[in-house]
Amino acid sequence: MLRLYTIIFTFFTLVACQTANLKQSHQDNTALNDHKKLVQQFSSMGYTNPDRNLVALIHVCTLEIARHQYPVIDLRELVKSPNSPRGVNRIFILNEKLEKVTSLDYTKSRPLLCKRNKLHLSDQLQLDNFPESGNTITLDEHGTVITLETIESSAWF
Amino acid sequence: MTLSTGWKDTMKAGLTDKRWDEYDELIKTQVADYAKRFKALENKVDWKIIKAMVWTESGGITSAQWKARAMQIGNSGDPALAVLKEAQEGSDLVMSTEFKLALKTESIEKPSLNIKAGMAYLYTKMVKTLFQSVLDTKDSKTYDYTVVAGDSLDKISKKVGTTIDELRASNPGKTSIIRAGQILKYRKAAIIRVITGWREFTIETIADAYNGGGDSAYAEKLTYITTELFPKLVR
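Residues numbered from 1 in each chain as written. Chains lettered and ligands numbered in written order. Predicted model: local features only at pLDDT ≥ 70, side-chain atom pairs only at ≥ 80, totals over all residues. Heavy atoms only, no water.

### A short note on the overall build of chain B
The helix and strand tally for chain B stands at 11 helices and 4 strands. In terms of overall dimensions, chain B has a C-alpha envelope of 80 × 35 × 30 Å along the principal axes. In chain B, which comprises 235 residues, the share counted as buried stands at 49%. For chain B, restricting intrachain contacts to residue pairs at least 6 apart in sequence, the fraction spanning at least 24 positions comes to 74%. Of the roughly 11700 Å² that chain B leaves accessible, carbon and sulfur atoms contribute 52%. Between the mean site of the 36 positive side-chain charges and the mean site of the 30 negative ones, chain B shows a separation of 5 Å. (Helix = DSSP H or I, 4+ residues; strand = E, 2+ residues; numbered from the N terminus. Buried < 20%, exposed > 50% of the residue type's maximum accessible area, 1.4 Å probe, protein only. Contact = heavy atoms within 4.5 Å. Areas by Shrake-Rupley, 256 points an atom, 1.4 Å probe, with all protein chains shown as cover. Lys, Arg positive; Asp, Glu negative; His and termini not counted. Charge placed at Lys NZ, Arg CZ, Asp CG, Glu CD.)

Shown next as structure tokens:
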């Protein structure tokens, strides 16, 4: 009898946890569709810099890797300066709780399109420790960039 | 894109005013110093593009920046100064010893240091680097290591001060599976960042590298100054 109670208790605990996770995930994901909330989220996480002007903060698409979702955010800021402000442009890859998994600096290669674990970019990106530039990055299940390659846009789909 | 008349007029003031040449010698000396330290850069960098950057970044001699942050290094929220001070992105490989010392002891508001910092940041953005296994040049001895139960190449490399790449290179065909009691040869080595080349120093690549895409007219501004104004300077 005790065993039965234990099984029932475990079952309901798991269901409750799963429901809480889904609720949390839903709450987090609402920020992706609400620009104001996304700005607040990025500010509170310290991802944006108050000494810079925010130019763009956009949820571009969502990568799907090993059944998990990784929203891709395009963040563009300008250093406050009287002449030709420097751009600080970054691609953020977040987890389902909208916490940063990876961020990549870029100049012109804006994120455009997610296809499973591939992120296609508008221009050639150069990354530390990758000998060649590329317009497509592939990520592993930890959100780490594993390849940077050039793929013709006609082959993205 | 068309450059604004106001901006053009500001820059045109440099046509007949010799004070706009104040930093020429500094820029030339710096370009020559980089070329001396990195042979691949000999005759590859046009100092006049950097002069045009100083005009663009500072806003010219009537701007307060001309006598302070002439290359806008050290502006609040700008990552460039931290890149240099914290030796990020390979900047430690690019900066001279003298400049590293000056960066610690002098004010970034000093225009000559600011220009040197701007150039160091530019060259850092233009260098290509990779992390590679590099042998310890101070220790050419080959060592033996006897594998114990539970070892992996990663554990061994950390234990004895070498790298997985070096263990593989010194023991060809013997590292795919390792067994307790097996003897592996190795030299001391470390994974460090090394320079593998340089991007071409064109107006477009310089604009991208230095301005980071912030000012979409940046390359056009440099082109205007170097091709429209510099040939017409009256001195």
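### Digging into the interface of chain A and chain B
Listed per partner, the contact involves 25 residues of chain A and 29 residues of chain B. Across the interface of chain A and chain B, roughly 1900 Å² is buried in total on both sides, 40% from carbon and sulfur atoms. In this structure, the connection of chain A to chain B is made through 3 salt bridges. Between Lys108 of chain A and Asp208 of chain B there is a salt bridge whose closest N-O contact spans 3.4 Å. Taken together, the connections running from chain A to chain B amount to 18 residue pairs in polar contact (both at pLDDT 80 or more). (Buried area = accessible area lost by both parts, 1.4 Å probe. Salt bridge = Lys/Arg side-chain N within 4 Å of Asp/Glu carboxyl O. Polar contact = N/O pair within 3.5 Å; in protein donor to acceptor, adjacent residues only side chain to side chain.)

### Thoughts on the state of the cysteines
Residues and elements named next belong to chain A. A full pass over the atoms with the stated rule returns 1 disulfide over all chains. With its sulfur 1.9 Å from that of its partner, Cys61 forms a disulfide with Cys114. Judged by the sign of its S-S torsion, about 65°, the bond between Cys61 and Cys114 is right-handed. Of the two residues, Cys61 is situated in strand E1 (residues 52–65) and Cys114 in strand E5 (residues 111–115); the sequence distance between them amounts to 53 residues. For the pair Cys61 and Cys114, a shared accessibility class is recorded, and that class is buried. (Disulfide = S-S within 2.5 Å.)

### A word on helix H10 (residues 203–211) of chain B
Listing the buried residues of H10 of chain B in full gives Ile203, Ile206, Ala207, Ala209, Tyr210 and Asn211 of chain B. Structurally, H10 of chain B contributes buried residues whose contacts are with strand E3 (87–94) of chain A together with helix H3 (47–58), helix H7 (111–126) and helix H11 (218–229) of chain B. Just downstream of H10 of chain B, Gly212 of chain B is the residue with a positive phi angle, here 65°.

### Examining the side chain of Arg52 of chain A
Relative to the assigned elements, Arg52 of chain A resides in strand E1. Overall, Arg52 of chain A belongs to the buried group, its relative accessible area being 11%. Only 2.5 Å separates the side chain of Arg52 of chain A from the backbone oxygen of Gly77 of chain B, close enough to count as a polar contact. Ignoring any residue separated from it by four or fewer positions in sequence, one finds Arg52 of chain A in contact with Glu77, Leu78, Val79, Lys80, Val88 and Arg90 of chain A together with Gly77 and Pro79 of chain B.

### Here's the deal with the sheet that holds strand E2 (residues 68–79) of chain A
Paired through backbone hydrogen bonds, the strands of a sheet run either parallel or antiparallel to each other. Residues and elements named next belong to chain A. Strand order in the open sheet made by the 4 strands is E1-E2-E3-E4, with antiparallel pairing throughout. Of all strands in the sheet, those bounded by a partner on one side alone are E1 and strand E4 (100–106). Sheet twist, expressed as the average angle between the axes of neighbouring strands with direction ignored, equals 20°. (Pairing = 2+ DSSP bridges. Axes fitted to C-alpha atoms, helices over the stretch in contact; angles between N-to-C directions.)

### Focus: the pattern of salt bridges
Residues and elements named next belong to chain B. Across all of its chains, the model carries 23 salt bridges over all chains by this definition. For Glu25, the salt bridge identified is with Lys28, shortest N-O distance 3.4 Å. Taken together, the residues Glu25 and Lys28, both in helix H2 (residues 24–37) and 3 residues apart, mark about one turn of the helix. Salt bridges here are not isolated pairs; linked through shared partners, they connect Asp21, Asp24, Lys51 and Arg235.

### Things to note about the domain arrangement of chain B
Structurally, chain B comprises domain 1 (5–128 + 198–232) and domain 2 (142–187). Taking only C-alpha atoms, the centre of domain 1 of chain B and the centre of domain 2 of chain B are 47 Å apart. (Domains from an automatic or database assignment.)

### Digging into the environment of Tyr145 of chain B
Residues and elements named next belong to chain B. Within the secondary structure, Tyr145 sits in strand E2 (residues 143–146). Note: C-alpha distance between Tyr145 and Val160 (15 residues apart in sequence) is 8.3 Å. Separated by 2.8 Å, the side chains of Tyr145 and Lys159 make a polar contact.

### Side note on the pairing of strand E6 (residues 118–125) of chain A
All names here are of chain A. Taken together, the 4 bridges between E5 and E6 define a ladder with antiparallel strand orientation. Within the sheet, the bridge partner assigned to Leu113 lies in E6 and is His120. Connecting the antiparallel pair E5 and E6 is a turn made up of 2 residues, with Arg116 showing a positive phi of about 50°. By the bridge criterion, 4 bridges tie E6 to strand E7 (residues 134–139) in an arrangement that is antiparallel. Note that in E7 the partner of Leu119 across the bridge is Ile137.

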